[in-house]
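Residue strings, one per chain:
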Amino acid sequence: MTDGSPVPRRPAPSAAAGAGALLQLLRDGTPRTRSELSALTGLARSTVTGRVDALLAAGLIAPTGETASTGGRPPATFAFNPAARIVLGADLGATHARLAVTDLAGNVLAATTADLDIALGPKAVLDWTVEHGLALLAEVERPASDLLGIGIGLPGPVEHDTGRAVNPPIMPGWDGFDVPAYVSERIPVPVMVDNDVNIMALGEHFTAWPEYEHLLFIKAATGIGCGIIAAGQVYRGAQGAAGDMGHIRVAGADDVHCRCGNTGCLEAVASGAAIARNLTAQGIEAGGSLDVVELARAGSVPALRLVRQAGRDIGEVLAGAVNFFNPSIIVIGGSLALAGDHLIAGVREVIYQRSLPLATRHLRIAAARTGESSGAIGAGVMVIEHALDPARLDAITEIKTNG
Ligand SMILES: [Zn+2]
């Protein structure tokens, strides 16, 4: 099994480390001296000094005092300054919205949540987001100019580069809508958009599993989706459709019709909606994913049996993904995961039986830890990782250093 297996570490920045890579080192929060940074990166002391000055000027690191010295003036230490800037993350679900203001380390400073129907259309939903986002800024007493940016997650396919929703099935009026333009007209900061599963994967990875480079996050809820973290970054694929595992066929379900027009899709047999339909057909009233969770928690044997089988069906699709992608961890989240251990037990059962031994030798399969705030935190993390990307930060600090 898996717990206790060696944990992969983040790769060390290369010897050609710029200011951005120095910041990556310091983002673990440990204060370091110029000499230590020089030793860790292989850069000359003078080069480190220039880059430390640039990061100090940008406010991204701060002096943390002096270390004990063997005589003479003690050397100064520097650490990441997560309070320097803030981000606003919005997780806009089908019927529910969550907002969070976090610092640059993903710590939630203020948050709010409300019932909000995505089908109200982009203007109504984004106006709400702007209004309540500004209220959160007022609550933490920070001006909008402190925002590094705004991250938004939407419950449907998104063209990440432009921030537009693409043919979203449950989002009338959103198709092609320019979300970043609309929001940044009201709060003039960079705005980034992605789908809900990708931001949940980011939030979960950043908060709970940063040491795992290759992560699959499964959202098992009304539908089933997968967020992919490859080499520490969200992997979106050519059209942003990577991880859309809900419409992969599972064996023995050829007679089950899916809303996509095909038969035998994973989502048609193993989603919260599918289990609820199945229970209702057996005479046990269940309206959706949350009813399934409630029944399972109350010990309903038919509900537990179906949740376990859903885990096996998800495991069957994931077993192929494990051979293909060789993840270091699979994290199971979404409302259906709240039904207890039965879903994850079913997933484990099939993956360890069906995937290749080399791919499962150090594979960990775990329940999500970040809970309902993972999406809002992840939307903010998307902005942080983009802005603090070493290459991008090098360019910014170069400009600042050179005038
Ligand atoms: Zn389908």
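The text that follows walks through the structure, step by step, so that each part is easy to find. (Residues numbered from 1 in each chain as written. Predicted model: local features only at pLDDT ≥ 70, side-chain atom pairs only at ≥ 80, totals over all residues. Heavy atoms only, no water.)

### Side note on the overall build of the protein
Helices and strands together make up the secondary structure of the protein, namely 14 helices and 15 strands. In terms of overall dimensions, the protein is globule-like: its C-alpha atoms have a radius of gyration of 23 Å, near the 22 Å expected for 403 residues. Projected onto its principal axes, the C-alpha positions of the protein cover 80 × 50 × 40 Å. Across the protein, every contact between residues at least 6 apart in sequence was considered, and the portion connecting residues at least 24 apart equals 62%. Per element, the accessible surface of the protein, about 18200 Å² overall, is 53% carbon and sulfur. (Helix = DSSP H or I, 4+ residues; strand = E, 2+ residues; numbered from the N terminus. Rg over C-alpha atoms; globule rule 2.2 N^0.38 Å. Contact = heavy atoms within 4.5 Å. Areas by Shrake-Rupley, 256 points an atom, 1.4 Å probe, with all protein chains shown as cover.)

### A short note on the side chain of Ser271
Among the structural elements, Ser271 can be located in the loop between α7 (266-270) and α8 (272-281). Residues contacting Ser271, with those up to four places away along its chain left out, are Ala221, Thr222, Gly223, Ile224, Leu266 and Leu336.

### Considering the sheet that holds strand β5 (residues 96-103)
Taken in spatial order, the 5 strands of this open sheet run β6-β5-β4-β7-β10, and their pairing is mixed. In this open sheet, the two edge strands, each paired with only one partner strand, are β6 (108-115) and β10 (191-195). Put simply, the sheet's adjacent strands are angled 15 degrees from each other on average, direction ignored. As defined by bridge partners, strand β4 (residues 86-92) adjoins strand β7 (residues 147-154) across 6 bridges and the pair is classed as parallel. Paired with Asp91 across the bridge in β7 is Gly153. Strands in contact with helix α6 (residues 196-208) are β4, β7 and β10; relative to β10, the strand with the most contacts, it is inclined by about 105 degrees. Of the strands in this sheet, β4, β5, β6, β7 and β10 are in contact with helix α13 (residues 374-387), which crosses β7 at around 130 degrees. (Pairing = 2+ DSSP bridges. Axes fitted to C-alpha atoms, helices over the stretch in contact; angles between N-to-C directions.)

### Considering the sheet that holds strand β11 (residues 215-220)
In spatial order, the strands read β13-β12-β11-β14-β15; together these 5 strands make up an open sheet with mixed pairing. Both edges of this open sheet fall to β13 (233-234) and β15 (364-367), since each of them pairs with a single strand only. Summarising the sheet, β11 and strand β14 (residues 329-333) pair through 5 bridges and their orientation is parallel. In the strand pairing of β14, Lys219 is matched with Gly333. Those strands touched by helix α10 (residues 301-325) are β11, β12 (224-230) and β14, and its axis lies near 165 degrees from that of β11. Here helix α11 (residues 341-354) sits on the sheet in contact with β11, β14 and β15, set at roughly 170 degrees to β15.

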